[in-house]
Amino acid sequence: MGTSEVDEIVGKAIDAEEKAHKHDPRIDKMYRSDVITIYIFVVALWIVLWSIFFFVANLYIEDNLLRLALIFLGLFASVFNTVGMVQNTRRLKHESVRFYSQDLYWQDQKRAQKSA
């Protein structure tokens, strides 16, 4: 059970996807789970960041220029993170067979060891 074995399995999965456009259905399930998790964390970032700013930090800021600067920086960070995560999910979809075939291989190996 070495890396060459994994590379061979992943290579076969990629070839099958390119030829027949079919892959292990567990890949789609794993992808959906990852995308949901990613977007939950993006939404949580927005909620936590802006809740802390408006309900905590904003109460202590007296300078309007500082307030505007912090709002601008917060928006920049939030949008930058969101765009990065959207691109991450697109890349993950594009490379899903390559990424998840390897994960599935190791999960199957672990399951086989437990049953043996």
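Everything numeric in this text was worked out from a predicted model, so none of it was measured. Throughout this description, residue numbers start from 1 for each chain and increase along the sequence as written. Per-residue local features are limited, in this predicted model, to residues with pLDDT of at least 70; the limit for side-chain atom pairs, both in listing and counting, is 80 or more; totals at the level of whole chains, interfaces and linings are taken over all residues. In computing side-chain values, all of the structure's heavy atoms are included and hydrogens and water are not.

## Thoughts on the overall build of the protein chain
Here is step 1: We count a stretch as a helix when DSSP gives it H or I for four or more residues in a row; a strand needs E for two or more, and each element gets its number in order from the N terminus. Of regular secondary structure, the protein chain possesses four helices and zero strands.
Here is step 2: Mapped in sequence order, the helices and strands of the protein chain form the string α-α-α-α.
Here is step 3: Viewed in the frame of its principal axes, the protein chain has a C-alpha envelope of about 65 × 35 × 25 Å.
Here is step 4: Counting every position in the protein chain, which comprises 116 residues, the buried fraction comes to 21%.
Here is step 5: With residues, only the protein chains shown are counted as cover, and all accessible areas are computed by Shrake-Rupley using a 1.4 Å probe. Within the structure as shown, the protein chain displays about 8700 Å² of accessible surface, and the carbon and sulfur contribution to it stands at 65%.
Here is step 6: Residues scored as charged are limited to Lys and Arg (positive) and Asp and Glu (negative), so that His and the chain ends carry no count. The atoms used to mark charge sites are NZ of Lys, CZ of Arg, CG of Asp and CD of Glu. In the protein chain, the 14 positive side-chain charges and the 14 negative ones have mean positions that sit 5 Å from each other. Relative accessibility thresholds used throughout: buried, under 20% of the residue-type maximum; exposed, over 50%; partly exposed, between the two (1.4 Å probe, protein chains only).

## Thoughts on the packing of aromatic side chains
Here is step 1: Between 30 and 60 degrees the pair is tilted, below 30 it is stacked and above 60 it is edge-to-face, where a pair is any two Phe, Tyr or Trp rings, Trp via its six-membered ring, whose centres lie within 6.5 Å. With the rule as written, the count across this model stands at five aromatic pairs.
Here is step 2: Between Trp 50 and Phe 53 the ring centres are 5.9 Å apart and the planes differ by 80 degrees, which places this aromatic pair in the edge-to-face class. Placement of both Trp 50 and Phe 53 in helix α2 (residues 25-60) is noted, with a separation of three residues, approximately one turn of the helix. Of the two residues examined, Trp 50 and Phe 53, each falls in the buried class.
Here is step 3: Among the aromatic side chains, those forming a connected cluster through ring pairs are Trp 50, Phe 53 and Phe 54.
Here is step 4: We note Lys 93 situated over the ring of Tyr 31; from NZ or CZ to the ring centre the distance is 5.1 Å. In this analysis the charged atom, NZ for Lys or CZ for Arg, is taken to sit over a ring once it is within 6 Å of the ring centre and within 35 degrees of the ring normal.

## Some words on the pattern of salt bridges
Here is step 1: A pairing counts as a salt bridge when a side-chain nitrogen of Lys or Arg comes within 4 Å of a carboxyl oxygen of Asp or Glu. All chains considered together, the criterion is met by four salt bridges.
Here is step 2: With a closest N to O distance of 2.8 Å, Asp 24 and Arg 26 form a salt bridge.
Here is step 3: The exposure class assigned to Asp 24 is partly exposed, which follows from its relative accessible area of 27%.
Here is step 4: Note that Arg 111 and Asp 108 form a salt bridge whose closest N and O atoms lie 3.3 Å from each other. Highlighted residues: Arg 111 and Asp 108, both in helix α4 (residues 96-115), separated by three residues, approximately one helical turn.

## A word on the confidence of the model for the protein chain
The predicted coordinates ought not to be read in detail in places where the model reports low pLDDT.
Here is step 1: Summary statistics for the protein chain give a mean pLDDT of 90 and a share of 97% for residues scoring 70 or more.
Here is step 2: Confidence of the predictor at the level of single residues is captured by pLDDT, which takes values from 0 to 100. Helix α1 (residues 3-20) is the least confidently modelled element of the protein chain, averaging 79 in pLDDT, while helix α3 (residues 64-94) averages 96, the highest of any element.

## Digging into the side chain of Ser 96
Here is step 1: Along the chain, the position of Ser 96 falls in helix α4.
Here is step 2: According to the relative accessible area criterion, Ser 96 is buried, its value standing at 5%.

## Observations regarding the environment of Asp 108
Here is step 1: Overall, Asp 108 belongs to the partly exposed group, its relative accessible area being 31%.
Here is step 2: Sequence separation between Asp 108 and Ile 40 is 68 residues, and the spatial gap between their C-alpha atoms is 28 Å.
Here is step 3: What qualifies as a polar contact is a pair of N or O atoms within 3.5 Å, subject to a donor-acceptor requirement within protein and to the restriction that residues adjacent in sequence count only when both atoms come from side chains. At a separation of 2.9 Å, a polar atom in the side chain of Asp 108 contacts the side chain of Arg 26.

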